[in-house]
Amino acid sequence: MDPPPPRRRSPRYHNQLSNNNSFSSPGKKTNSSSNAGTETKLKIKIKRYHGVAKWTWGVSGFNNDDDDDEDEVCIVCQSAFEGCAPGVKYPGDESPVVFGKCKHAFHLQCVSTWLQSQNSNNPTCPTCRQEWEFGAERTVVDDDAEGEESVDV
Amino acid sequence: MSTSARRRLLRDFRRLQNDPPSGVTGAPMDTNIMLWQAVIFGPDDTPWEGGTFKLVLEFTEDYPNKAPSVRFLTKMFHPNIYNDGQICLDILQNQWSPIYDISAILTSIQSLLCDPNPASPANSEASRLYNENRREYNRRVREIVEQSWVEDES
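The rules behind each value
- Residues numbered from 1 in each chain as written.
- Chains lettered and ligands numbered in written order.
- Predicted model: local features only at pLDDT ≥ 70, side-chain atom pairs only at ≥ 80, totals over all residues.
- Heavy atoms only, no water.
- UniProt positions renumbered as here; feature names shortened; annotations may be inferred.
- Helix = DSSP H or I, 4+ residues; strand = E, 2+ residues; numbered from the N terminus.
- Contact = heavy atoms within 4.5 Å.
- Buried area = accessible area lost by both parts, 1.4 Å probe.
- Salt bridge = Lys/Arg side-chain N within 4 Å of Asp/Glu carboxyl O.
- Polar contact = N/O pair within 3.5 Å; in protein donor to acceptor, adjacent residues only side chain to side chain.
- Nonpolar A, V, L, I, M, F, W, Y, C, P; charged D, E, K, R; others polar.
- Phe/Tyr/Trp six-rings, centres within 6.5 Å; stacked < 30°, edge-to-face > 60°.
- Pairing = 2+ DSSP bridges.

- An unreviewed UniProt entry annotates chain B as E2 ubiquitin-conjugating enzyme of Skeletonema marinoi.

- Taking an unreviewed UniProt entry as the reference, chain A is identified by name as Anaphase-promoting complex subunit 11 belonging to Skeletonema marinoi.

Following this line, the structure appears as structure tokens:
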């Protein structure tokens, strides 16, 4: 079996303020549909900021039951997909998330232990009991690349 | 000592407390998180109503990849429950899946009370009465319910 993990999203850098010493008020911007010239420049000087990056596995929506936050955890170990699978020290590449052909997602370590423990030539998916086959690599569409800004002035 | 089974059991415990299913309750023993005691309340509007049935669940380090062993401590009268309290339930045997947690196990056992599976009898008398003489079966169940209230004192 050759489990291809889904591609991890590249870190998102939320800070959009790299070259500006001042920024426009978002409230004004949205209200000024008639005339872009009414944008007000705020007299703020940015002395320092911290860029904040965040990554996720992009699993949401691929699990069938995406109606609550349960799809944010690996249902086998009940830990977050972004957390560590059992026996793994670090999250991320050491604790990858894999999909079956049936589209159900688990930590690689969690589903592997289950597949082995079944002692069967046709091990099954923990969720739907279909015969387990690793799904193909997924390309995740970055649906909210324009994330919220996070600034520390 | 921290293992994946223990870590998972702690998560089960937290989930059981934050989102308690109706009619069942459970907690690990003080000294051993691998050993749990649970109570299943007989569902309302059934012959089981009012009963408080105690169980013990024993987990191994293979949990959640292996089902726990589950046994009633309270004396039962049910087609799928052996005299020693062992339960004949598919999800505790060949239909086990690691997606089940303690909540799911207890809820499944609770629903088994009113929906016996005639295909796998564990108590032949209960099974026969359930099929042939429901009135007598229900009377025997009511007896078990009443016994469940006093068992502790005996």
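So that's the structure; there's more coming.
1. Observations regarding the UniProt feature "domain: RING-type" (unreviewed entry) in chain A
In step 1: The feature "domain: RING-type" (unreviewed entry), as annotated in UniProt, sits at residues 74–129 of chain A in this numbering.
In step 2: Secondary structure content for residues 74–129 of chain A is 18% helix and 11% strand, while the C-alpha to C-alpha distance between its ends is 16 Å.

2. Observations regarding the interface of chain A and chain B
In step 1: Contacts between chain A and chain B engage 16 residues on the former and 14 residues on the latter.
In step 2: When chain A packs against chain B, close to 1300 Å² is buried across both sides, 47% of that on carbon and sulfur atoms.
In step 3: Interface area lost by chain A to chain B is led by Gln78, Trp114 and Arg129 of chain A, which between them contribute 42%.
In step 4: Along the contact surface separating chain A from chain B lie zero salt bridges.
In step 5: Counting across the interface, chain A meets chain B through nine residue pairs in polar contact (both at pLDDT 80 or more).
In step 6: Partitioned by chemical class, the residues of the side of chain A that touches chain B number nine nonpolar, five polar and two charged.

3. Remarks on the packing of aromatic side chains
In step 1: Under the criterion given, the structure shown has 11 aromatic pairs over all chains.
In step 2: Taking 5.5 Å as the distance between ring centres and 90 degrees as the angle between the ring planes, the aromatic pair formed by Trp132 of chain A and Phe134 of chain A counts as edge-to-face.
In step 3: Consider the rings of Tyr130 of chain B and Tyr137 of chain B, whose centres lie 5.0 Å apart with planes at 75 degrees: the pair is edge-to-face.
In step 4: Grouped by ring-pair contacts, the aromatic residues Phe13, Trp36, Phe59, Tyr63, Trp96 and Tyr100 of chain B constitute a single cluster.

4. Side note on the pairing of strand β3 (residues 52–58) of chain B
Residues and elements named next belong to chain B.
In step 1: Looking at chain direction, strand β2 (residues 32–41) and β3 are connected through seven bridges and run antiparallel. Counterpart to Ala38 in the pairing with β3 is Leu55.
In step 2: Bridge analysis of β3 against strand β4 (residues 69–72) gives four bridges, and the strand direction is antiparallel. Within the sheet, the bridge partner assigned to Leu55 lies in β4 and is Phe72.

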